[in-house]
Amino acid sequence: TSTPPPHLDFRAFVDALRSDDDLADINAEVDPNLEVAAVTRRAYELQSKAPLFHNIKGAHDGLFRILGASGGLSSDPQFPYRRLVRHVGLSPNASLGDFIDKMLSAKGKPGIPPVHVETGPCKENKLFGNDIDLTKLPAPLLNKADGGNYIQTMGINIVQHPTKAWVNWSIARAMVLDKTRMVGLIMKPQHIARIYAQWMESGKDMPFAIALGAPPIAVMASSMPLPEGVTESEYVGALCGEPLELVKCETNDLYVPARSEIVIEGTVSITERAKEGPFGEMHGYSFLDEELMEPIYNVAAITYRSGNAILPISVPGRATGPDETHTLIGTLASAEIRQLLQENGLPVLNVFTPYETQVIWAAVQVDRKKLWELETNAEEFCRKIGQLVFRRKCGMQIHRLLIVGDDIDPFNFKDVIWSYASRCRPGMDEYHFEDVAAYPLVPYMSHGPGAKLTGGKVVANCLLPHEYKQEQMWVTCDFENGYPEEIKERVLRRWSDFGL
Ligand SMILES: Cc1cc2c3c(c1C)C(C)(C)C[C@H]1C=C(c4ccccc4)[C@]4(C(=O)NC(=O)N=C4N2C[C@H](O)[C@H](O)[C@H](O)COP(=O)(O)O)N31
Ligand SMILES: [K+]
Ligand SMILES: [Mn+2]
């Protein structure tokens, strides 16, 4: 069979990065104890090529190579989002707006259920029972403050509701605990936690599978807060217009993408917990007192591709050069927030979480002409938006919303911060929400002055009062807006002659 396109096959995705000259094949031996992660972290920060480590110290029997920064910005400044949009089959010059449009393009369409195939590349090698020793795998230590080796940061956590009506795909971190066990974060209101709670009620351990090196477009849907009850694999089918191909796990009834690099399967205990973390997280902090007791994953089988399977990793941290917790979590939450606001009839054009705000803030771009028709005002409009976004799961990790006009590009932080700094009057233009669910991983919540789990959210109005009812009463003083077309054309034509 011919190799599927990059958005449907991880190996084809890696080859596409190589053909884009956006991949560094590293054959020198590299240590999974911090060195691999440090290289990956610097690759994000310098927006270098994605590092593919072919020679990991301690790798054996084809487990494993490591790919870092699969969701980082591309190394070609002309196409900064090329690596991201390759996940969803868009052309190299596609924008973040195109990426969001693509991920929302299956809304309202019926899901296309996956098809089950007999076997696939992920079945080429199988380990059971005594052959399994997670402590012997080169699972990477990602940050010097981490509490363990996080083998799972970019795989798809697959769990099924006990009624079998809903199979959820998400990304949730997990670290090696011992020979056959991992421990991983399972926190509300995430769907893995909702489903886990159902298994607890049923009194049975929760079957799981983690598919690492899964089809890139499936990784995107797994990182997207699709509505409760939506089976991500069916949404991906609708996105692609064709069903995903899944194969059955060895030790439970779950199904995984047939072309995955590595599959870890077993059951999550509903009784046993272990200390999880600390973990260098998406806001750029690793708090040394992070004492979480999280559920234990009991590993019953590991299956993997021949030819040296590849483990993708994410090394979260400061978004000086964004990593997957910014480029995936932020952007895909933005998509669902836009969908929510548009479905509620609000004149919202786009939503985006600026990397410079560590994706804790989201800019909401409003069509001002349509806003006039609502005959509303800042207080009423901002409160309505806050009530919608801050009371839904897709808004969980956003703590500040900036309401900006259509003269502002939400994907351009200089635009966003200009309107916030100059049009949002302190003490009068911000509407606070103290009774909504907070995102506890935000440092001023987990280690701040107030309650940890609620509040700390605000909607900032970055529109002047008259923008709610008429044309803006100013000329923006920049080259684009401050000069007639004829002058701008003349200046552009003569620019090089001026020697500027
Ligand atoms: C792309 C990506 C997403 C996540 C993570 C990571 C990456 C790379 C790592 C690097 C592993 C860091 C932590 C950081 C994590 C985190 C924990 C809580 C909130 C936000 C992030 C967390 C995690 O440990 N636990 C979690 O419940 N959700 C995570 N998400 C978000 C999650 O994949 C999305 O929210 C998605 O929508 C879930 O699906 P569903 O429940 O809606 O079906 N995880
Ligand atoms: K998801
Ligand atoms: Mn879900």
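Residues numbered from 1 in each chain as written. Chains lettered and ligands numbered in written order. Predicted model: local features only at pLDDT ≥ 70, side-chain atom pairs only at ≥ 80, totals over all residues. Heavy atoms only, no water.

### Comments concerning the coordination of the manganese ion (ligand 3)
Under perfect tetrahedral coordination by four donors, a metal shows angles of 109.5 degrees; under perfect octahedral coordination by six donors, it shows angles of 90 or 180 degrees.
Right, on to step 1. Protein coordination at the manganese ion (ligand 3) comes from N168 (OD1), H191 (ND1) and E232 (OE), with a distance range of 2.2 to 2.3 Å.
Right, on to step 2. Between consecutive donors of the manganese ion (ligand 3), the numbers of intervening residues give the motif N-x22-H-x40-E.
Right, on to step 3. The potassium ion (ligand 2) is placed at 3.8 Å from the manganese ion (ligand 3), the two being bridged by E232. A residue pair is termed long-range when its members are at least 10 positions apart, and N168 in strand β7 (residues 167-170) and E232 in helix α7 (residues 232-240) qualify at 64 residues. (Donors = N, O, S within 2.8 Å, 3.2 Å for Na, K, Ca; no water. Helix = DSSP H or I, 4+ residues; strand = E, 2+ residues; numbered from the N terminus.)

### Looking at the packing of helix α9 (residues 329-343) against helix α11 (residues 378-389)
Right, on to step 1. Between α9 and α11, the least distance of the axes is 10 Å, while the angle of their chain directions is 125°. Judged by the inter-axis angle, α9 sits oblique to α11. Helix-helix and strand crossings are classified by hand; for α9 and α11 the assignment is right-handed. In this structure, α9 contributes I337, L340 and L341 to the contact, and α11 contributes I385, L388 and V389.
Right, on to step 2. Looking at the contact of α9 with α11, its residues break down into six nonpolar, no polar and no charged. (Axes fitted to C-alpha atoms, helices over the stretch in contact; angles between N-to-C directions. Parallel < 35°, antiparallel > 145°, perpendicular 65-115°, else oblique. Left-handed = near helix turned anticlockwise from the far one by under 90°. Contact = heavy atoms within 4.5 Å. Nonpolar A, V, L, I, M, F, W, Y, C, P; charged D, E, K, R; others polar.)

### Digging into the layout of surface pockets
Right, on to step 1. Counted as a void, the largest pocket has a volume near 590 Å³.
Right, on to step 2. As for the largest pocket, its lining consists of 24 residues, and the residues nearest its centre are L292, P440, L441, S446 and L453.
Right, on to step 3. Those elements that place two or more of their residues in the lining of the largest pocket are β14 (292-304) and α13 (443-446).
Right, on to step 4. The volume enclosed by the second largest pocket comes to roughly 310 Å³.
Right, on to step 5. Taken together, 16 residues form the lining of the second largest pocket, with P4, L8, L244, E245 and R259 sitting closest to its centre.
Right, on to step 6. Of the residues belonging to the lining of the second largest pocket, the class tally is nine nonpolar, four polar and three charged. (1 Å grid on protein atoms, 1.4 Å probe; cavity = no way out; pocket = protein on both sides within 12 Å on 5 of 7 lines; lining within 4 Å. Points joined across faces, edges and corners; volume = space filled by probe spheres on them.)

### Here we look at the site of ligand 1
Right, on to step 1. Near ligand 1, the surroundings consist of 29 residues, among which N168, R173, Q190, H191 and K393 are the closest.
Right, on to step 2. Interatomic distance of 2.9 Å between a side-chain N/O atom of N168 and an oxygen atom of ligand 1.
Right, on to step 3. Between ligand 1 and the protein, one listed contact pairs an oxygen atom with a backbone N or O atom of R173 at 2.9 Å.
Right, on to step 4. Bound to the protein, ligand 1 loses 99% of the 750 Å² it would expose on its own.
Right, on to step 5. Residue assignment for the shell around ligand 1 shows that the elements contributing at least two residues are β7 and α8 (324-327).
Right, on to step 6. Ranked by residues supplied to the shell around ligand 1, first place goes to β7 with three residues.
Right, on to step 7. Per-class residue counts for the shell around ligand 1 are 15 nonpolar, nine polar and five charged. (Near = heavy atom within 4 Å. Polar contact = N/O pair within 3.5 Å; in protein donor to acceptor, adjacent residues only side chain to side chain. Areas by Shrake-Rupley, 256 points an atom, 1.4 Å probe, with all protein chains shown as cover.)

### Some words on the packing of aromatic side chains
Right, on to step 1. Tallying each qualifying case throughout the model produces ten aromatic pairs.
Right, on to step 2. Relative to F287, the ring of Y285 has its centre 5.7 Å away and its plane inclined at 0°; by these criteria the two rings are stacked.
Right, on to step 3. By relative accessible area, Y285 is classed as partly exposed at 46%.
Right, on to step 4. With relative accessibility at 22%, the residue F287 sits in the partly exposed group.
Right, on to step 5. Aromatic pair F352 and Y355: ring centres 5.6 Å apart, planes at 75°, arrangement edge-to-face. For the residue pair F352 and Y355, the accessibility class agrees, reading buried in each case.
Right, on to step 6. Stacked on the ring of F433, the Lys or Arg R383 has its end atom at 5.9 Å from the ring centre.
Right, on to step 7. The lysine or arginine in question, R400, covers the ring of W361, its NZ or CZ lying 5.0 Å from the ring centre. (Phe/Tyr/Trp six-rings, centres within 6.5 Å; stacked < 30°, edge-to-face > 60°. Buried < 20%, exposed > 50% of the residue type's maximum accessible area, 1.4 Å probe, protein only. Lys NZ or Arg CZ within 6 Å of the ring centre and 35° of its normal.)

On their own, these measurements won't tell you what the molecule is for.
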